[in-house]
Amino acid sequence: DFRGSQYIRLQWDDTDSRKPFTTQFRFRTPEKEDQTLMHSTDKWAIQLINSGSTEYGYLRFVVSSSQGIESLDTPKQKYHNDDFWSVMLTRKSSSGAELSSDAASLANVYELSANQYDSTRQRIIYRTSSSLEINTAASASAFTGKFLTTGRFFLGESGSAGTGGKWGNNGFSGSMMEFRWWSQ
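These notes cover the structure that comes with them. (Residues numbered from 1 in each chain as written. Predicted model: local features only at pLDDT ≥ 70, side-chain atom pairs only at ≥ 80, totals over all residues. Heavy atoms only, no water.)

**Quick notes on the sheet that holds strand β11 (residues 175-182)**
Alright, step 1. Sheet architecture is open: five strands sit in the order β9-β8-β7-β2-β11, paired in antiparallel fashion. Two strands bound the open sheet, and with one partner strand each, they are β9 (123-134) and β11. Ignoring strand direction, the axes of neighbouring strands in this sheet form an average angle of 15°.
Alright, step 2. Here strand β8 (residues 108-118) runs beside β9; their pairing, made up of eleven bridges, is antiparallel. Across the sheet, the residue bridging to Leu 112 is Ser 130, located in β9. (Pairing = 2+ DSSP bridges. Helix = DSSP H or I, 4+ residues; strand = E, 2+ residues; numbered from the N terminus. Axes fitted to C-alpha atoms, helices over the stretch in contact; angles between N-to-C directions.)

Written out as structure tokens, the structure is:
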């Protein structure tokens with residue numbers, strides 16, 4: 001379990017000579033506040049945003065570059081209900097094909113999806129997904145380049161990661177498990 005300022009530091013590095021195409025994890029939190037679930041220093045993050053101190057909120061994927069910040073929000077769901085949510089961020093080419101390289105100038109689609117499974121009913125009870133296409137060569141290079149930069153990666157908010165508060169200073173309070181990333 002994470003308690004606010006606790007975090008796990010990993011290296012955001014190549015897997016099979018490429019950055020991961022998919023990042024997947026499960027989380028739960030009873031805390032009804034904005035939280036940073038994971039981030040790569042000041043380059044990109046996945047955040048949990050609360051909607052006015054209720055169980056409802058949305059997940060946000062943000063990528064930063066010299067051209068600004070692009071963000072992708074899921075529709076509102078009961079993310080703050082202390083039940084586990086499965087989250088997956090995928091990156092693929094804008095044509096829908098699997099990426100063959102990490103060239104920053106390639107147009108990419110980022111998809112953020114979340115599901116909540118009810119084991120007693122043995123079915124998914126909530127499902128949501130949103131996507132962001134970065135399709136011009138200049139934008140693709142600026143934003144995707146940040147996503148591809150090697151560096152420190154944090155589960156939870158590190159506070160001392162040199163982010164300058166870019167993603168807010170709210171650490172993650174809750175449970176996270178089954179974190180994985182891959183390039184296939």
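**Observations regarding the pairing of β8**
Regular strands place their side chains on alternate faces of the sheet.
Alright, step 1. Taken across its eleven residues, β8 has eight buried, putting it largely inside the fold.
Alright, step 2. The turn linking β8 back onto β9 is made up of four residues, and Gln 122 within it adopts a positive phi angle of 55°. (Buried < 20%, exposed > 50% of the residue type's maximum accessible area, 1.4 Å probe, protein only.)

**Side note on the nonpolar core**
Alright, step 1. Core analysis: the largest hydrophobic core is formed by 26 residues, its most contacted members being Phe 27, Leu 37, Ile 46, Leu 59 and Phe 61.
Alright, step 2. Setting aside residues up to four positions removed in sequence, Ile 46 forms contacts with Phe 25, Thr 36, Leu 37, Met 38, Arg 60, Phe 61, Leu 89 and Leu 112. (Core = buried A, V, L, I, M, F, W, Y, C linked by side-chain atoms within 4.5 Å. Contact = heavy atoms within 4.5 Å.)

**Brief notes about the environment of Arg 91**
Alright, step 1. Among the structural elements, Arg 91 can be located in strand β7 (residues 85-93).
Alright, step 2. Through-space distance from the C-alpha of Arg 91 to that of Thr 22 is 6.4 Å; in sequence the pair is 69 residues apart.

**Re unusual backbone geometry**
Alright, step 1. Despite not being glycine, Asp 82 shows a phi value in the positive range, around 65°.
Alright, step 2. Structurally, Asp 82 is set in the loop between β6 (68-73) and β7.
Alright, step 3. Accessibility expressed as a relative area gives 32% for Asp 82, which makes it partly exposed.
Alright, step 4. Residues other than glycine seldom take positive phi values, yet Glu 178 does so here, at roughly 55°.
Alright, step 5. Glu 178 gets classed as partly exposed once you look at its relative accessible area, which sits at 38%.

**Points about the pairing of strand β4 (residues 44-50)**
Alright, step 1. Here β4 lies mainly inside the structure; seven of its seven residues are buried.
Alright, step 2. Taking every second residue as pointing to the same face, both faces of β4 are buried, with Trp 44, Ile 46, Leu 48 and Asn 50 on one and Ala 45, Gln 47 and Ile 49 on the other.
Alright, step 3. Taken together, the five bridges between strand β3 (residues 35-40) and β4 define a ladder with antiparallel strand orientation. By the bridge assignment for β4, Met 38 is matched with Ile 46.

**Side note on the side chain of Ser 175**
Alright, step 1. With respect to the helices and strands, Ser 175 occurs in strand β11.
Alright, step 2. Overall, Ser 175 belongs to the buried group, its relative accessible area being 9%.
Alright, step 3. Ignoring anything within four residues of it in the chain, the contact list for Ser 175 reads Asp 1, Arg 26, Phe 27, Arg 28 and Phe 84.

**Here we look at the environment of Ser 64**
Alright, step 1. When you line up the elements, Ser 64 lands in strand β5 (residues 57-65).
Alright, step 2. Ser 64 sits in the buried class, given a relative accessible area of 4%.
Alright, step 3. C-alpha separation for the pair Ser 64 and Ala 45, spaced 19 residues apart in sequence, amounts to 9.0 Å.

**A short note on the pattern of salt bridges**
Alright, step 1. Within this structure, the stated rule accounts for six salt bridges.
Alright, step 2. Linking Arg 28 and Asp 82 is a salt bridge whose minimum nitrogen-to-oxygen distance equals 3.9 Å. In this pair, Arg 28 is assigned in strand β2 (residues 22-28) and Asp 82 in the loop between β6 and β7, connecting sequence segments 54 residues apart.
Alright, step 3. For Arg 28, a relative accessible area of 31% translates into the label partly exposed.
Alright, step 4. Across the salt bridge formed by Arg 180 and Glu 178, the nearest N and O atoms sit 3.9 Å from each other. (Salt bridge = Lys/Arg side-chain N within 4 Å of Asp/Glu carboxyl O.)

Nothing here speaks to function; it is geometry throughout.
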